[in-house]
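The chain contents come next:
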Amino acid sequence: MTGYGSAEYRDSNYHISVDIKSYNNRYCDIYIKSPAYLSPLEQRINKIVSGYVKRGKVDRKSVV
């Protein structure tokens, strides 16, 4: 099974748009590739996502 999701956040300082795709997988594998200026946040993002996803392969499609 494959799932797709997208979310957007906007305020006076930020505009964040995220698209993700997940595949059925026995384990929980989360792959996050963000722009260089967001790379310090990748570990925190991974922790947040793993709080919602218990198994499967999750790929980031885009982060703007």
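Scroll up to find the structure this text is about.
Residues numbered from 1 in each chain as written. Predicted model: local features only at pLDDT ≥ 70, side-chain atom pairs only at ≥ 80, totals over all residues. Heavy atoms only, no water.

Remarks on the environment of Asn25
Looking at the element boundaries, Asn25 is found in the loop between β2 (15-23) and β3 (28-31). Residue Asn25 is classed as partly exposed on the basis of its relative accessible area, which comes to 22%. Sequence-wise, Asn25 and Val58 are 33 residues apart; in three dimensions their C-alpha atoms are separated by 9.3 Å. When near neighbours in sequence (up to four residues on either side) are disregarded, Asn25 contacts Arg55, Gly56 and Lys57. (Helix = DSSP H or I, 4+ residues; strand = E, 2+ residues; numbered from the N terminus. Buried < 20%, exposed > 50% of the residue type's maximum accessible area, 1.4 Å probe, protein only. Contact = heavy atoms within 4.5 Å.)

Some points on the environment of Arg60
With respect to the element layout, Arg60 can be found in strand β4 (residues 56-63). The spacing of Arg60 and Tyr14 is 46 residues in sequence and 19 Å in space, taken between C-alpha atoms. The residues touching Arg60, leaving out its near neighbours within four places in the chain, are Asp19, Ile20, Tyr31, Ile32 and Lys33.

Function cannot be inferred from these measures alone, as they are strictly geometric.
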